[in-house]
Amino acid sequence: MSLFTTIALAIGSSWVSGINLYITVATLGLLGRFAGLELPGDLSVLTNWWIIGIALFLFLVEFFADKIPLVDSAWDVIHTFIRIPAGAVLAATAFGDFNMGVQVVAFLLGGSLALSSHGTKAATRAAINTSPEPVTNITASFLEDIFAVGSLLLAAFHPAVFIGFFAVIVVASIIMLPRIVRSLSGFFRRIRGKDVSGTGQGHRSC
């Protein structure tokens, strides 16, 4: 496998794991099993049936949890401690044929990529959850699943296209994240304002 493809898969697997770790592991494992994809480094371990089966089961659990407003945000909080380290490990594992120094660098960069995508997803979904209707949340969840699989397919079979796509998404995320944060800040300020107003009315009625 070429170095360029290895880099693309290392970036893709760590970055997408910040969005949906289990679909990342299952997709790579299934591509290695059935699509003739040569996984770089030690990522070939993902083709183990036990790993694929567990990843698919956990993805099924996440599939439903991720589509319930507020439950999805709680799920994201818990997975802060799972997706980010896993993204780092996947990136380092992709460079398993290289020396330890390269693997350490890949580990650090992979963790950073997983952190960026996980943070963007968690902030976006928290902003969406400010709306009481569930349709937007469910739609966003489906789009994230499709986006995750599509990104991995690009990284595996069209690495140059993926790298360009990845660059565009990173720039868009940097532009959008402050807006999302401002939206959340405004929502929480309104909630605190209602709480204070409600408390004041309670005192006056007494």
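Residues numbered from 1 in each chain as written. Predicted model: local features only at pLDDT ≥ 70, side-chain atom pairs only at ≥ 80, totals over all residues. Heavy atoms only, no water.

Enquirer: Help me get a handle on helix α3 (residues 71-94), residues and values and all.
Expert: Over its 24 residues, α3 extends 32 Å from the first C-alpha to the last, a length consistent with the 34 Å expected when each residue adds 1.5 Å. The axis of α3 is deflected most strongly, by about 55°, at His79. (Helix = DSSP H or I, 4+ residues; strand = E, 2+ residues; numbered from the N terminus. Expected span 1.5 Å × (residues − 1). Bend = angle between axes of the 7 residues up to and from the residue.)

Enquirer: Tell me about a nonpolar patch on the surface, and please be specific about residues and values.
Expert: On the surface, a nonpolar cluster with roughly 480 Å² of combined accessible area is contributed by Val89, Met100, Val104, Phe107 and Leu108. With 4 residues, helix α4 (residues 100-128) is the largest single contributor of residues to the nonpolar patch. Mapping Phe107 onto the fold places it in helix α4. Look at Phe107 and you get partly exposed, because its relative accessible area is 38%. (Patch = residues over 30% accessible without salt bridge, like charges linked within 9 Å, V, L, I, M, F, W, Y side chains within 5 Å. Areas by Shrake-Rupley, 256 points an atom, 1.4 Å probe, with all protein chains shown as cover. Salt bridge = Lys/Arg side-chain N within 4 Å of Asp/Glu carboxyl O. Buried < 20%, exposed > 50% of the residue type's maximum accessible area, 1.4 Å probe, protein only.)

Enquirer: For the environment of Glu144, give the residues involved together with the corresponding values.
Expert: Position of Glu144 among the secondary structure elements: in helix α5 (residues 135-157). Here Glu144 falls in the buried class, since its relative accessible area comes to 14%. Taking the C-alpha atoms as reference points, Glu144 and Ile19, 125 residues apart in sequence, are found 7.4 Å from one another. Leaving out residues up to four positions away in the same chain, Glu144 has contacts with Ile19, Asp66, Lys121 and Arg125. (Contact = heavy atoms within 4.5 Å.)

Enquirer: Tell me about the environment of Ala8, and please be specific about residues and values.
Expert: Locating Ala8 in the fold gives a position in helix α1 (residues 3-34). Take Ala8: its relative accessible area is 0%, and that puts it in the buried class. Along the chain, Ala8 and Ile163 lie 155 residues apart, while their C-alpha atoms are 6.6 Å from each other. Those residues in contact with Ala8 that sit more than four places away from it in its chain are Ala155, Pro159, Phe162 and Ile163.

Enquirer: Quick rundown of the packing of aromatic side chains? Include the residues and the values.
Expert: Applying the stated rule across the entire model yields 10 aromatic pairs. Stacked on the ring of Phe63, the Lys or Arg Lys67 has its end atom at 3.6 Å from the ring centre. We note Lys67 situated over the ring of Phe142; from NZ or CZ to the ring centre the distance is 4.7 Å. (Phe/Tyr/Trp six-rings, centres within 6.5 Å; stacked < 30°, edge-to-face > 60°. Lys NZ or Arg CZ within 6 Å of the ring centre and 35° of its normal.)

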